[in-house]
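Here is how the chains run, residue by residue.
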Amino acid sequence: MASVHLLFLLLLCTMFVYHCHGACAEVDSDTEAVAGEGFKLGCISCKRRSEVEGSATVEWYFRGKGEADFVHIYTYNEEGPTIEHDHFSERVDWNGSKRSNDIQDASIYLLNVTFNDTGTYRCFFYRILFYENYEYNTVVSKVVHLSVVAKATRGTASIVSEVMMYVSIIGLQVWLLIEMIYCYRKIAAAGEEALREAANAEYLAIASESKDNCAGVQVGE
């Protein structure tokens, strides 16, 4: 029985490490692009329960500087990407989650950025979560205010975003280390308990055998 418990704890630790490798961290997008270069528009929405299966469709909208309304520019779903606006024709590449309909990273990459790309971008996650007896629909949106400049500068927002990214990564690694130590201690404790049970069983067997031998000697006398 103790060996079964030990195997079960080891399996739990392995599963936890596997899920941590797929951990998701919501990091804000950079907001300053350089004219004539490429630029990644970041958009990440992490599921709160990673064990629940899901599927998502992503839509991007754009409102140019000085304009009143948003226009639909891009869609990504299980059928692939679709550029919805002529201004972005052949200038947008998918840079998000790959090989999965359960999209959490909906980032896109703008090619050959122009000053006309300055403005506000919004991405929407239309997500379906699949539970055992029902489906749950959610909508999450993110906003990116993009400025296009002639020459790259190191803005405060970019520095803060990079620092937060490293803090998130370090935090996840520390959390993983703590959980691994906890699992190791559980496994060690289970191993010690198994050894104690084995020792007690051996002691009882020896004591019983000695008792039987003593009884046999007394009968012989």
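Scroll up a little and you will see the structure.
Residues numbered from 1 in each chain as written. Predicted model: local features only at pLDDT ≥ 70, side-chain atom pairs only at ≥ 80, totals over all residues. Heavy atoms only, no water.

Asks: I'm lost on the pairing of strand 5 (residues 80–83) in this one. Help?
Replies: The side chains of a regular strand alternate, residue by residue, between the two faces of the sheet. Note: strand 4 (residues 71–77) against strand 5, four bridges, orientation antiparallel. The partner of Thr-75 across the bridge, within strand 5, is Thr-82. Counting the residues that bridge the hairpin from strand 4 to strand 5 gives two residues. (Pairing = 2+ DSSP bridges. Helix = DSSP H or I, 4+ residues; strand = E, 2+ residues; numbered from the N terminus.)

Asks: Where do I start with the pairing of strand 8 (residues 119–130) in this structure?
Replies: One ladder, built from twelve bridges, connects strand 3 (residues 53–64) with strand 8; its direction is antiparallel. Paired with Arg-63 across the strands is Thr-120, a residue of strand 8. As judged from the twelve bridges shared by strand 8 and strand 9 (residues 135–149), these two strands associate in the antiparallel manner. Opposite Tyr-126, over in strand 9, you have Val-139 as the bridge partner. Turn length for the strand 8-strand 9 hairpin, with the two strands adjacent in sequence and antiparallel, is four residues.

Asks: Just to check I follow, could you spell out the packing of aromatic side chains for this structure?
Replies: Each pair of aromatic rings is reported with the distance of its centres and the angle of its planes. Taken as a whole and assessed by the stated rule, the structure comprises eight aromatic pairs. Seen in terms of ring centroids, Phe-62 and Tyr-121 are 4.6 Å apart; in terms of plane orientation they differ by 35°. Their pairing is tilted. Separated by 59 residues along the polypeptide, Phe-62 in strand 3 and Tyr-121 in strand 8 bring together distant segments of the chain. The buried category is assigned to Phe-62, whose relative accessible area is 6%. Among the aromatic residues, those joined into a ring-pair cluster are Tyr-61, Phe-124 and Tyr-126. Against the face of Phe-70 rests Arg-122, its NZ or CZ located 6.0 Å from the ring centre. (Phe/Tyr/Trp six-rings, centres within 6.5 Å; stacked < 30°, edge-to-face > 60°. Buried < 20%, exposed > 50% of the residue type's maximum accessible area, 1.4 Å probe, protein only. Lys NZ or Arg CZ within 6 Å of the ring centre and 35° of its normal.)

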